[in-house]
Amino acid sequence: MIRFDSDNSGKWWEFLMSWKWPHQGFTVGYDLVVPEEQNEENSMTFFTILIYLGPVSLIYNWGNHDWDE
């Protein structure tokens, strides 16, 4: 995992890589997950892009702490 937090601007991002054995699942494609309307007071707002390359998944999350206010 690689992560960056900016104290000045409140922006952050992280990059993750995940592995599945081929008998557990083999997917090629992508997903874009956007935040929905906040129902809880302290829940975090962030975006996610998932890229599926067979048994490997690349995950990129980013957000801004100021979006929660």
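Here the residue numbering is sequential within each chain, running from 1 through the sequence in written order. In keeping with the predicted nature of the model, local features appear solely for residues at pLDDT of at least 70, side-chain atom pairs appear and are counted solely at 80 or more, and the whole-chain, interface and lining totals rest on all residues. Where side-chain values are given, they derive from all heavy atoms of the structure, hydrogens and water being excluded.

Hey, could you go over the sheet that holds strand 4 (residues 46-54) for me, with residue numbers and the actual values?
As summarised here, the arrangement of the five strands in space is 1-2-5-4-3, forming an open sheet in which the pairing is antiparallel. Across the chains shown, the open sheet's two edge strands, defined by having one partner strand only, are strand 1 (2-5) and strand 3 (27-33). If you compare each strand with its neighbour and ignore which way they point, the axes differ by 10 degrees on average. Only when DSSP finds a minimum of two bridges between them are two strands counted as paired. We count a stretch as a helix when DSSP gives it H or I for four or more residues in a row; a strand needs E for two or more, and each element gets its number in order from the N terminus. Here seven bridges tie strand 3 to strand 4, and the two strands are oriented antiparallel to one another. When the sheet's bridge partners are listed, Val 33 is paired in strand 4 with Thr 48. Only the stretch in contact is used when fitting a helix axis, every axis being a line fitted to C-alpha atoms; angles between N-to-C directions are given from 0 to 180 degrees.

Before we move on, can you summarise the confidence of the model for the protein with the specific residues and values?
Low pLDDT means the predicted coordinates in that region are not meant to be read closely. You can read pLDDT as the predictor saying how much it trusts each residue, on a scale of 0 to 100. Residues at a pLDDT of 70 or more form 81% of the protein, whose mean pLDDT is 84. Least confident of the elements in the protein is strand 1, whose mean pLDDT is 82; most confident is strand 3, at 95.

Describe the packing of aromatic side chains, naming the residues involved and giving the relevant values.
When two rings of Phe, Tyr or Trp (its six-membered ring) have centres within 6.5 Å they constitute a pair, described as stacked for plane angles under 30 degrees, edge-to-face for angles over 60, and tilted for the intermediate range. Across all of its chains, the model carries six aromatic pairs by this definition. Considering the side-chain rings of Phe 47 and Trp 62, the 5.3 Å spacing of their centres and the 10 degrees angle between planes classify their relative orientation as stacked. With a gap of 15 residues between them, Phe 47 in strand 4 and Trp 62 in strand 5 (residues 56-64) connect regions that are remote in the sequence. Throughout, exposure labels follow a simple rule: accessible area from a 1.4 Å probe, protein chains only, divided by the maximum for the residue type, with under 20% read as buried, over 50% as exposed, and the rest as partly exposed. Its relative accessible area of 24% is what places Phe 47 among the partly exposed residues. Among the residues examined, Trp 62 registers a relative accessible area of 25% and is labelled partly exposed.

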